[in-house]
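Given next are the chains, with one letter for each unit.
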Amino acid sequence: MPDTLASSAKTRLRFAPSPTGYLHVGGARTALFNWLYARKFGGEFLLRIEDTDKARSTEESTRAIFEGLQWLGLNWDDGVVYQGANLARHQADARKLLEIGAAYRCFCTAAELEERRREAEARKEAFKYDRRCDRLPSEEIERRVAAGMPYVIRFRVPDGTTEWVDMVHERIAFPNKDIDDFVILRSDATPIYNLAVVSDDIAMGINIVMRGDDHISNTPKQILLYRALGAPLPTFAHLPMIHGLDGKKLSKRHGATAVGDYQHYGLLPGAMLNFLALLGWSPGGDREIMTVPEMIELFSVDGLQKKAAIFDPKKLEWMNGQHLSMVPLEELEPRVTPAIVTARLATEEALVERRDWYLRLLDLLRVRSRTIDDIVRQAGPYFLEDIDYDPAAVAKNWKDPAEAALLLRATREALATVRDWTTEDLEAALRSLAESRGVTAGNVFQPLRVALTGLTVSPGIFEMLIQMGRELSVKRIDKALAVLAA
Ligand code: GLU
């Protein structure tokens, strides 16, 4: 019988997070790769919440996982599987292993094991369970069980070598002598992680197990369990770890690592996905910016990488800027509107009323934005009655207040002569003003830019004037003149 599932079986992958914290970027990356594989090759992507650790699992974390996956659009097939609900099967699998002689009862207490561990350490030896309970006569075992003595079930690791061909790392081999007879069922009859995972993966028909590199050392134990349970092996794929810019494993020290943080920080899910996709995979060449359909199209096993991936928040921000400019405005609108409303720049109704104007504004502002927050910050001057002047903008472009006021007054007059508030007419008026005063066009534009927005970063001056309209533009200049005179 072949050791792996027949290739005709439908590909089934899963994401199996433990709900003991928020969905972090590493988990989201693993979910994405499983999802991409399923979507690319017509497989199924399943979600299993590994909530067997009752003390550490929380409903809040489970909700955060759902919310994060939903925000990213990583939709799963079938209903969610809760590992804790499969306890009876985990126990049955452990008993089966006991019955067929692949596992044995161990009555050694935690204190005894600790004592032996210490002794081994004193001898400078690696501690390994010495199998003493495996050598107990059957009558003694029966006597102890009848007396209600607590026991765990240990898997008896056979001799030999356990190896597999990893989708990412190719051949990986572990000598079995280095693997302890590991516990599969605790004395309170709850399963140990490796048993629960294998039992569930078999029951769910998972034939590709794709997860982080940190699970490589679990894989030989899991392979031994598959074999003992008489189940075909899945293909394993171990994805590289994610490191911070300092080369250390990504952690809270490196800043935000929860997907939810990025969601609330104003990132586009498409940009986050694009960024995550490049953490351990490359589509080849210099290609970096991809939409989700393009990622699915380009996804391949060949592009999976072994070396640790680097999480660079600056790159994520840059990538978000690229996606902001790329997404259809209709898609951008519902993501920006709540932020505009929260910032009290406008009500949703007011935006609906001026929808065309609003979409043009988004189109204008997104070019110089890396986040939705950047768009909101730049949007202020188009909505607010009064604006604040960024001290940096003032220092740079209103360096000489008297000169700035002079130019602004002349600008106000020049704008009054403009009949059609169009780029051509505005440009003609402002350029001829510059000429008549013997200054550069920039000398005219810069103070005006500060007057209109108070910001250093803003769109082209004519686009801005058109977007604001004549009335608001003139009002802003008047206000600036008052400020400069004060
Ligand atoms: N629940 C495990 C974790 O969160 C994943 C198990 C697996 O993918 O096999 O790391």
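Residues numbered from 1 in each chain as written. Predicted model: local features only at pLDDT ≥ 70, side-chain atom pairs only at ≥ 80, totals over all residues. Heavy atoms only, no water.

Undergrad: Help me understand the overall build of the protein chain in this model?
TA: In terms of helices and strands, the protein chain carries 20 helices and 12 strands. Along the first, second and third principal axes, the C-alpha set of the protein chain runs to 110 × 50 × 40 Å. Among the 486 residues that make up the protein chain, the fraction classed as buried is 49%. If you take every contact in the protein chain between residues at least 6 apart in sequence, the share linking residues at least 24 apart comes to 76%. (Helix = DSSP H or I, 4+ residues; strand = E, 2+ residues; numbered from the N terminus. Buried < 20%, exposed > 50% of the residue type's maximum accessible area, 1.4 Å probe, protein only. Contact = heavy atoms within 4.5 Å.)

Undergrad: Help me out: how do you make sense of the pattern of salt bridges in this one?
TA: Pairing between side chains becomes possible if they bear opposite charge and their charged atoms approach one another. A full pass over the atoms with the stated rule returns 30 salt bridges. Arginine 118 is the partner of glutamate 115 in a salt bridge, and the nearest nitrogen-oxygen pair spans 3.3 Å. Separated by three residues within a single helix, glutamate 115 and arginine 118 lie in helix α4 (residues 110–122), roughly one turn from each other. The exposure class of glutamate 115 is partly exposed, given its relative accessible area of 37%. (Salt bridge = Lys/Arg side-chain N within 4 Å of Asp/Glu carboxyl O.)

Undergrad: Would you mind going over the site of the ligand with me for this structure?
TA: In the vicinity of the ligand, the residues found are Arg14, Ala16, Pro17, Ser18, Glu50, Tyr193, Val197, Arg211 and His215. Tyrosine 193 places a side-chain nitrogen or oxygen 3.2 Å from an oxygen atom of the ligand. Contacts to the ligand include histidine 215, whose side-chain N or O atom sits 2.9 Å from an oxygen atom. Here the ligand, which alone exposes 300 Å², has 80% of that area covered by the protein. (Near = heavy atom within 4 Å. Polar contact = N/O pair within 3.5 Å; in protein donor to acceptor, adjacent residues only side chain to side chain. Areas by Shrake-Rupley, 256 points an atom, 1.4 Å probe, with all protein chains shown as cover.)

Undergrad: Just to check I follow, could you spell out the nonpolar core for this structure?
TA: The nonpolar side chains of soluble globular proteins are, as a tendency, buried together. Core analysis: the largest hydrophobic core is formed by 59 residues, its most contacted members being Ile340, Tyr382, Phe383, Trp398, Leu408 and Leu430. Among the elements of the structure, α12 (329–342), α14 (355–366), α15 (372–383), α17 (401–416), α18 (423–437), α19 (441–453) and α20 (461–485) are those that each provide at least two residues to this core. Ranked by residues supplied to this core, first place goes to α20 with 10 residues. Filtering out sequence-adjacent residues up to four positions away, tyrosine 382 remains in contact with Arg354, Trp357, Leu361, Leu364, Leu365, Pro459, Met464, Gln467, Met468 and Leu472. (Core = buried A, V, L, I, M, F, W, Y, C linked by side-chain atoms within 4.5 Å.)

Undergrad: Sorry, what's going on with the sheet that holds strand β5 (residues 152–155) here?
TA: In any sheet, the strands associate via hydrogen bonds between backbone groups, in a parallel or an antiparallel arrangement. Pairing in this open sheet of three strands is antiparallel, and the strands run β4-β5-β8 from one edge to the other. Each having just a single partner strand, β4 (103–106) and β8 (183–185) make up the two edges of the open sheet. The mean inter-strand angle of the sheet, taken between neighbouring strand axes irrespective of direction, is 45°. In this sheet, β8 lies alongside β5 in antiparallel orientation, the contact comprising two bridges. Bridge assignment links isoleucine 153 to a residue of β8, and that residue is leucine 185. (Pairing = 2+ DSSP bridges. Axes fitted to C-alpha atoms, helices over the stretch in contact; angles between N-to-C directions.)

Undergrad: Please clarify how the side chain of serine 458 should be interpreted in this entry.
TA: Tracing the sequence through the fold places serine 458 in the loop between α19 and α20. Of the polar contacts made by the side chain of serine 458, one reaches the side chain of arginine 449; its length is 2.7 Å. What serine 458 contacts, discounting residues up to four positions off in sequence, is Arg368, Gln378, Arg449, Thr453 and Met464.

Undergrad: Whenever I open this one, helix α3 (residues 87–99) confuses me. Can you help?
TA: Since the α-helix packs 3.6 residues into each turn, any two residues three or four apart lie on the same face. Taking 1.5 Å of rise per residue, 13 residues should cover 18 Å, and α3 covers 18 Å from first to last C-alpha, within 8% of that figure. Listed in full, the buried residues belonging to α3 are His90, Asp93, Ala94, Leu97 and Leu98. All buried residues of α3 fall inside an arc of 145° around its axis, so they share one side. When the buried face of α3 is taken as reference, the exposed residues oriented beyond 90 degrees from it are Ala88 and Glu99. Elements in contact with the buried residues of α3: β4, β5, β8, α6 (193–203) and α7 (219–228). (Expected span 1.5 Å × (residues − 1). Arc of directions from axis to C-beta.)

Undergrad: How do you make sense of the environment of phenylalanine 383 when you look at a structure like this?
TA: Within the secondary structure layout, phenylalanine 383 lies in helix α15. In the structure, phenylalanine 383 is positioned 111 residues away from methionine 272 in sequence and 29 Å away in space, judged by C-alpha atoms. Excluding its chain neighbours within four sequence positions, the residues that come into contact with phenylalanine 383 are Ile340, Leu345, Ala346, Leu351, Arg354, Trp357, Tyr358 and Leu361.

Undergrad: Hey, could you run me through the pairing of strand β6 (residues 161–166) in this one?
TA: Every regular strand shows the same layout, with side chains that alternate between the two sheet faces. Burial along β6 is one-sided: the face carrying Thr162, Trp164 and Asp166 is buried and the face carrying Thr161, Glu163 and Val165 is not. In this sheet, strand β7 (residues 170–175) lies alongside β6 in antiparallel orientation, the contact comprising six bridges. Residue pairing for β7: threonine 161 is matched across the bridge by proline 175. Between β6 and the antiparallel strand that follows it, β7, lie three residues.

Undergrad: Could you clarify how one ought to interpret unusual backbone geometry in this entry?
TA: Glycine aside, residues mostly have negative phi angles, and peptide bonds mostly take the trans form. Of note in the backbone geometry, aspartate 78 takes a positive phi value of approximately 65° without being a glycine. If you trace the backbone, aspartate 78 turns up in the loop between α2 (59–72) and β3 (81–82). Residue aspartate 78 is classed as exposed on the basis of its relative accessible area of 52%. The phi dihedral of arginine 344 falls on the positive side, at around 60°, and the residue is not glycine. Along the chain, arginine 344 turns up in the loop between α12 and α13 (348–353).

Undergrad: How should I be thinking about α2 in this particular structure?
TA: The first and last C-alpha atoms of α2 sit 20 Å apart over 14 residues, in line with the 20 Å expected at 1.5 Å per residue. Here α2 has its buried residues at Ser61, Thr62, Ala64, Ile65, Phe66, Gly68, Leu69, Trp71 and Leu72. Two residues or fewer after α2 comes glycine 73, characterised by a positive phi angle close to 80°.

Undergrad: Can you help me understand the pairing of strand β1 (residues 12–15) in this one?
TA: Note: β1 against strand β2 (residues 44–49), four bridges, orientation parallel. Across the sheet, residue arginine 12 finds its bridge partner in β2, namely glutamate 44. In terms of handedness, the path from β1 via helix α1 (residues 25–40) over to β2 forms a crossover that is right-handed. (Right-handed = clockwise from strand over helix to strand, strands pointing away.)

Undergrad: Even after reading the chapter, I still don't get the packing of α12 against α14, so can you show me in this structure?
TA: Helix packing geometry: the angle between the two helix axes and the distance between the axes. Where α12 meets α14, the axes come as close as 10 Å, and the angle between the chain directions of the two elements is 95°. With respect to each other, α12 and α14 are oriented roughly perpendicular. Across the interface between the two elements, Leu329, Glu330, Leu332, Glu333, Val336, Thr337 and Ile340 from α12 touch Arg355, Tyr358, Leu359, Leu362, Asp363 and Arg366 from α14. Looking at side-chain class alone, the contact of α12 with α14 contains seven nonpolar, one polar and five charged residues. (Parallel < 35°, antiparallel > 145°, perpendicular 65-115°, else oblique. Nonpolar A, V, L, I, M, F, W, Y, C, P; charged D, E, K, R; others polar.)

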